[in-house]
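# Understanding the architecture of this molecule
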Amino acid sequence: MTDLSDLLKADNQQPARSIHLIDAKDYDIWLAAQPDRVRALATAQRFKGKAGEQAILPGDSAEDWSVVAAVADKRALGTWCLARLAETLPEGSYRLSEGTPGAAALGWLTAQYRFDRYRKDDAPAGGRVLLTSGVAQIDATVQLARSIALVRDMVNTPAADMGPPDLEAATEKVAKLFGAVVTTTRGDALEQGYPMIHAVGKAADKSFAPRLIEMSWGDPSHPRIAIVGKGICFDSGGLDIKPSSGMRLMKKDMGGAAHALGLARLIMAARLPVRLHMLIAAAENAISGNAFRPGDILRTRKGLTVEIGNTDAEGRLVLGDALTRAGEEKPELVIDFATLTGAARVAVGPDLPALFTNDEGLAADMATLGAQVDDPTWRLPLWDGYADMLKSDVADINNAGEGGFAGAITAALFLKRFVPDDTAWLHLDTFAWRPSSKPGRPKGGEALGMRAVFRLLQRRYERTS
């Protein structure tokens, strides 16, 4: 696709077509003020001034035309207000006739995302360039769009091309851009040091061997934060095998890792004054003669023992070892992303990541900031009363709750056992997928919750001038 940096440019009065925004409630006033030919053409295009509608308006010459678009409030544009325009207008350059696009510039960029790695396009469409006088916001907006595109690309890529070595390569590519250091643990060292990651991934082909991928960046004297991602590159369910319908989208089970890497990229591009430690627990939950079994008891990096109640509850296992490693560096904040439970989707649907935290201040900030950047999450409780559902008769803990109740909560309670008690922690159980298209948000892999967390980190750590 067109480089996203080429789709949002400084307005230096270069040639461009105008976009006139009107508030939906002011449509009648606007229409009455137009000449007959404009009213006729708007009517022919069935433009009725409802938010999201648009029409092409004639100019003074045959080649001269502009656009009118209705929005809910032209003085407070949201992220997706201009996205449909970016999807449907002819290629070329555009500018708003009044004001700056603000937050809507991001939707303009993400609307032009295309996943075309496996498709031949004999007539690729050109880009729609938006000119803006808000020059200071251009780079930050482009960086957000690039990280969203990174997440989408990784999640959309099929498992054959996005296995553990590919997650490692993607991490190294991002690290190289910002001078970060990548360390990968695999083989015997993984089996000894991260036994749950090894156990989940040992049944996969050797070319897809499991690993823990770590990336470090920033001044060691700055506040330490850890970002952890679930990198299950494909989830068959293991010996507790999923039905074929349940496997269809399991290429996206590394969506947590994609979110972690996308967020790390944002942090480094913004040069936030933090010491970043990103960890991806990468494995394929495959089936073979040496696959881990229901009833097995696994040892963990923390020293706890885990009875396997269900091999399809593998994401929390790899995260447990990664969270333990993150805690060893004594970060003041740990954030993990994971496509962890179907129960979260039943509870809050595909658009809202279920958020769990042990810090009331973080919960309040995420609710406020997520709404501000049009990237909402929904808090669910870390209800300790359900911890008994994870009891085991033969080990310290079971990996699967009993009875099928409160699946997202019991998964979060499992992870909590591997986070230091005195450390602030955010866990996002995200879907990483959009089942149907919306303006600026095509069907397929999606970053959900990442921008909200980044805004939280900016609020917490960004230097003020």
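It should be emphasised that the depicted structure is a prediction, and the values quoted were computed from it without experimental measurement.

## A look at the packing of aromatic side chains
Scanning all chains against the criterion turns up 7 aromatic pairs. For the ring pair W30 and F47, a centre distance of 5.8 Å and an interplane angle of 80 degrees mean the geometry is edge-to-face. Of this pair, W30 sits in helix 1 (residues 27-32) while F47 sits in the loop between helix 2 (36-44) and strand 3 (54-58), and the two are 17 residues apart along the sequence. On the basis of relative accessibility, which here comes to 13%, the residue W30 falls in the buried class. According to the relative accessible area criterion, F47 is buried, its value standing at 1%. Clustering of aromatic rings is evident, with ring pairs tying together Y27, W30 and F47. The ring of Y113 carries R152 above its face, with NZ or CZ at 5.2 Å from the centroid.

## What about the packing of helix 6 (residues 164-178) against helix 10 (residues 255-269)?
Taken N-terminus to C-terminus, the directions of helix 6 and helix 10 make an angle of 5 degrees; their axes are 10 Å apart at the nearest point. One way to sum up the angle between helix 6 and helix 10 is to call them roughly parallel. For the pair helix 6 and helix 10, the contacting residues are L167, A170, T171, V174, L177 and F178 in the first and A257, L261, R265, M268 and A269 in the second.

## What about the pattern of salt bridges?
A full pass over the atoms with the stated rule returns 28 salt bridges. Here E332 ties to R460 by a salt bridge, and the two come within 3.7 Å at their closest N and O atoms. One end of the pair, E332, is in the loop between helix 11 (315-328) and strand 13 (333-338); the other, R460, is in helix 15 (residues 450-461), with 128 residues separating them in the sequence. One connected set of salt bridges, linked through shared partners, spans E214, R224, R301, R325, E328 and E329.

## Looking at a nonpolar patch on the surface
There is a patch of nonpolar side chains on the surface, built from L239, I241 and I287 and spanning about 260 Å² of accessible area. Mapped onto the elements of the fold, I241 is located in the loop between strand 9 (224-235) and helix 9 (244-247).

## Points about the sheet that holds strand 8 (residues 211-217)
One open sheet accounts for 8 strands, arranged 7-8-10-9-13-17-14-15; its pairing is mixed. Looking at which strands have only one partner, the edges of the open sheet turn out to be strand 7 (181-186) and strand 15 (378-379). Of the pairings in the sheet, the one linking strand 13 to strand 17 (residues 424-429) comprises 6 bridges and is parallel in character. Residue pairing in the sheet places F337 in a bridge with L428 of strand 17. In the packing of helix 6 onto the sheet, the strands contacted are strand 7, strand 8, strand 9 and strand 10 (275-285), and the crossing angle to strand 8 comes to about 5 degrees.

## Overview of the sheet that holds strand 12 (residues 305-307)
Strand order in the open sheet made by the 3 strands is 11-12-16, with mixed pairing throughout. Two strands bound the open sheet, and with one partner strand each, they are strand 11 (297-299) and strand 16 (397-398).

## Here's the deal with the packing of helix 11 against helix 14 (residues 407-416)
Packing of helix 11 against helix 14 leaves a shortest axis separation of 9 Å and a crossing angle of 30 degrees. Classified by the interaxial angle, the pair formed by helix 11 and helix 14 is roughly parallel. Our pair here, helix 11 against helix 14, has a crossing hand that is right-handed. Contact residues: helix 11 offers R316, L317, L319, G320 and L323, while helix 14 offers A411, F414 and L415. Grouping the amino acids of the contact of helix 11 with helix 14 by side-chain chemistry returns 6 nonpolar, 1 polar and 1 charged.

## Topic: helix 5 (residues 138-156)
Here helix 5 contains 19 residues, and its C-alpha end-to-end distance of 27 Å stays within 8% of the 27 Å for a straight helix at 1.5 Å per residue. Across the 19 residues that make up helix 5, a large majority, 15, are buried.

## Let's talk about the pairing of strand 4 (residues 65-71)
A large share of strand 4 lies buried, amounting to 7 of its 7 residues. Of the two faces of strand 4, both are covered, the one formed by W65, V67, A69 and V71 as well as the one formed by S66, V68 and A70. Bridge count between strand 3 and strand 4: 5 bridges; the pairing is antiparallel. In the sheet register, P58 faces strand 4, and the bridge partner there is W65. In this structure, the hairpin formed by strand 3 and strand 4 is closed by a connection of 6 residues.

## Concerning the pairing of strand 8
Counting buried positions along strand 8 gives 6 out of 7 residues, so the element sits mostly inside the fold. When strand 7 meets strand 8, the two strands line up antiparallel, connected through 6 bridges. Residue V182 lies in a different strand from strand 8, and its bridge partner there is M215. Relative to strand 10, strand 8 runs antiparallel, the two sharing 7 bridges. From the neighbouring strand, E214 faces strand 10, where its bridge partner is L279.

## Observations regarding the nonpolar core
Grouped together as the largest cluster of nonpolar side chains are 86 residues, with contacts concentrated most on I19, W108, M154, L167, L263, I267 and L457. By residue number, the principal contributor to this core is helix 5, which donates 10 residues. Excluding its chain neighbours within four sequence positions, the residues that come into contact with L457 are I225, L263, I267, L272, L333, I335 and E462.

Rules and cut-offs
Every chain's residues receive numbers from 1 upward, in the order its sequence appears when written. Residues qualify for local features only when their pLDDT is at least 70, as the model is predicted, and side-chain atom pairs are given and counted only at 80 or more; totals for whole chains, interfaces and linings, by contrast, use all residues. As a convention, hydrogens and water are excluded, and side-chain values are obtained from all of the structure's heavy atoms. Only the six-membered ring of Trp is used, alongside the rings of Phe and Tyr, when aromatic pairs are assigned; centres must lie within 6.5 Å, and planes under 30 degrees apart are stacked while those over 60 apart are edge-to-face, with the rest tilted. Put simply, DSSP marks the helices as runs of H or I at least four residues long and the strands as runs of E at least two long, and each gets a number from the N terminus on. Partly exposed describes any residue whose relative accessible area lies between the buried limit of under 20% and the exposed limit of over 50%, with all areas from a 1.4 Å probe on protein chains only and scaled to the type maximum. Two conditions define a charge sitting above a ring: the NZ of Lys or the CZ of Arg must be within 6 Å of the ring centre, and it must be within 35 degrees of the ring normal. For helices, the fitted line uses only the C-alpha atoms of the stretch in contact; every axis is such a line through C-alpha atoms, and the angle between N-to-C directions lies from 0 to 180 degrees. If an angle is under 35 degrees, it is roughly parallel; if it is over 145, roughly antiparallel; if it lies from 65 to 115, roughly perpendicular; otherwise it is oblique. Throughout, a contact is declared for two residues whenever any of their heavy atoms are within 4.5 Å. Think of a salt bridge as a Lys or Arg side-chain nitrogen and an Asp or Glu carboxyl oxygen that are within 4 Å of each other. Within this analysis, patches are made of residues with over 30% relative accessible area and no salt bridge. Like charges are joined at 9 Å or less; nonpolar side chains (Val, Leu, Ile, Met, Phe, Trp, Tyr) at 5 Å or less. A 1.4 Å probe and the Shrake-Rupley method give the accessible areas. Residues count as covered only by the protein chains that appear here. Here, any two strands with at least 2 DSSP bridges between them count as paired. Put simply, a crossing is left-handed when the front helix is turned counterclockwise from the back one by less than a right angle, and right-handed when it is turned clockwise. Residues are grouped as follows: Ala, Val, Leu, Ile, Met, Phe, Trp, Tyr, Cys and Pro are nonpolar; Asp, Glu, Lys and Arg are charged; every other residue, Gly included, is polar. Take the residue count of a helix, subtract one, and multiply by 1.5 Å to get its expected span. To qualify as a nonpolar core, a set must consist of buried Ala, Val, Leu, Ile, Met, Phe, Trp, Tyr and Cys residues joined through side-chain atoms within 4.5 Å.

Nothing here speaks to function; it is geometry throughout.
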